[in-house]
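# Residue-level structure breakdown
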Amino acid sequence: MNDQALLRYSRQIMLEPIEIDGQERLLASHALVIGAGGLGSPVALYLAAAGVGRLTLADDDAVELSNLQRQIAHGEADLGRAKAESARDAALALNPSCQIAAVTERLEGAALARAVEAADVVLDCTDRFASRYAINAACRAAGRPLISGAAIRFGGQLAVFDPRAPDGPCYACLYPPGAPGEDEELRCAENGVVAPLVGLIGSFQALEAVKLLSGAGRAHQGLSTFDGLTGEWRHFRVPRDPACPVCGHPCGRD
Ligand SMILES: [Zn+2]
């Protein structure tokens, strides 16, 4: 780090769990952010500002007027632009030294697997269950930690799934495919969402990524849910499901 970088990141470097070594680890790391909407906006902005060296931002949508109420990486001048490119430009404006790749196609199949393998951590900021299951399976296959956030109406949730942890669960242990409610979409377009809620959950995801990449603290455990109407958090244990179709042991399936 040169003097400018030492000054830029000084308020993190002075933190005992991070210090110079942790900041160097952040600068050398690569985060994949899938979805550049309500959750992906604060995630991309905070990770770039915090000094994560490389970001890949993936989103196949374009910015619409109804997004601006909560997707704070985009402005009026970005209407009609690809969200991945708009979010890249917003993050670069905060920190031009961050290397940011914008992916404007939906990441699926082999492209998703390659992108996950190339990253040190994956942040799921999508709003479709099909995408969430595909991202979870790709992270499990590649052994990459997955930081999952969701926000709808007044409620949000966060969970971290790290395949490297012994007996760590995966997203499909928590939400088995085909379970009741599985086809209820998370889409804000149909359900509405209050603006600061996505900032809250996205910031929580970004914090977990900064911890994980710098080596500070320990990863969030289980599932946390937040009720914005009462201001209450709840925390749940999430055991690994031996019969999980994604991470379960073959003997556990029958
Ligand atoms: Zn599982």
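Refer to the preceding data block for the structure.
Remember, it's a predicted structure, so these values are computed and weren't measured experimentally.

## Quick look at a negative patch on the surface
A contiguous patch of negative charge on the surface is contributed by Glu16, Glu19, Asp21 and Glu24. Tracing the backbone through its elements, the reader meets Glu24 in helix α3 (residues 19–27).

## Things to note about the coordination of the zinc ion
The protein atoms that coordinate the zinc ion are Cys170 (SG), Cys173 (SG), Cys244 (SG) and Cys247 (SG), at distances spanning 2.3 Å. The site at the zinc ion holds four donor atoms, and with the angles between them running 91 to 125 degrees, its shape is tetrahedral. In the primary structure, the donors to the zinc ion are separated according to the pattern C-x2-C-x70-C-x2-C. In this structure, Cys244 and Cys247 share a single accessibility class: buried.

## Some thoughts on the sheet that holds strand β4 (residues 121–124)
Ordered in space as β3-β2-β1-β4-β5-β6-β7-β8, the eight strands form an open sheet in which the pairing is mixed. Across the chains shown, the open sheet's two edge strands, defined by having one partner strand only, are β3 (99–103) and β8 (232–236). Within the sheet, the average angular offset between the axes of one strand and its neighbour, ignoring direction, is 15 degrees. Pairing analysis gives three bridges linking β4 to strand β5 (residues 146–152), with the strands arranged parallel. Looking across to β5, one finds that Asp124 is bridged to Ser148. Across the sheet, helix α5 (residues 83–94) is in contact with β2 (54–58) and β3; its angle to β3 comes to roughly 165 degrees.

## Structural notes on the pairing of strand β6 (residues 155–161)
With five of its seven residues buried, β6 lies for the most part within the structure. One ladder, built from seven bridges, connects β5 with β6; its direction is antiparallel. When the bridges of β6 are listed, Leu146 appears paired with Phe161. Between β5 and β6, which follow one another and run antiparallel, lie two residues, and Arg153 among them has a positive phi close to 50 degrees. In this structure, β6 lies alongside strand β7 (residues 223–227), joined through five bridges in antiparallel fashion. When the bridges of β7 are listed, Gly155 appears paired with Asp227.

## Re the environment of Asp167
Position of Asp167 relative to the elements: it lies in the loop between β6 and α8 (171–174). Counting along the chain gives 21 residues from Asp167 to Leu146, while the straight-line C-alpha distance between them is 15 Å.

## Looking at the nonpolar core
Residues Leu47, Leu55 and Leu123 are the most contacted members of the largest nonpolar core, which totals 38 residues. Among the elements of the structure, β1 (30–34), α4 (40–50), β2, α5, β4, β5, β6 and α10 (195–214) are those that each provide at least two residues to this core. The biggest single contributor to this core is α10, with eight residues. Excluding residues within four positions of it along the chain, Leu47 makes contact with Ala31, Val33, Val52, Leu55, Leu123, Ala206, Ala209 and Val210. One finds Ala115, Val116, Val122 and Cys244 within the second-largest nonpolar core, a separate group that totals 27 residues.

## Remarks on the pattern of salt bridges
Considering all chains together, one arrives at eight salt bridges under this definition. Asp60 is the salt-bridge partner of Arg106, the closest N and O atoms lying 3.3 Å from each other. Of the two residues, Arg106 sits in the loop between β3 and α6 (109–118) while Asp60 sits in the loop between β2 and α5, which places them 46 residues apart along the sequence. Since its relative accessible area comes to 38%, Arg106 is described here as partly exposed.

Scoring rules and cut-offs
- Residues numbered from 1 in each chain as written.
- Predicted model: local features only at pLDDT ≥ 70, side-chain atom pairs only at ≥ 80, totals over all residues.
- Heavy atoms only, no water.
- Patch = residues over 30% accessible without salt bridge, like charges linked within 9 Å, V, L, I, M, F, W, Y side chains within 5 Å.
- Areas by Shrake-Rupley, 256 points an atom, 1.4 Å probe, with all protein chains shown as cover.
- Salt bridge = Lys/Arg side-chain N within 4 Å of Asp/Glu carboxyl O.
- Lys, Arg positive; Asp, Glu negative; His and termini not counted.
- Charge placed at Lys NZ, Arg CZ, Asp CG, Glu CD.
- Helix = DSSP H or I, 4+ residues; strand = E, 2+ residues; numbered from the N terminus.
- Donors = N, O, S within 2.8 Å, 3.2 Å for Na, K, Ca; no water.
- Tetrahedral: all angles 85-135°; square planar, octahedral: opposite > 155°, others 65-115°.
- Buried < 20%, exposed > 50% of the residue type's maximum accessible area, 1.4 Å probe, protein only.
- Pairing = 2+ DSSP bridges.
- Axes fitted to C-alpha atoms, helices over the stretch in contact; angles between N-to-C directions.
- Contact = heavy atoms within 4.5 Å.
- Core = buried A, V, L, I, M, F, W, Y, C linked by side-chain atoms within 4.5 Å.

So yeah, pure geometry; function would need other evidence.
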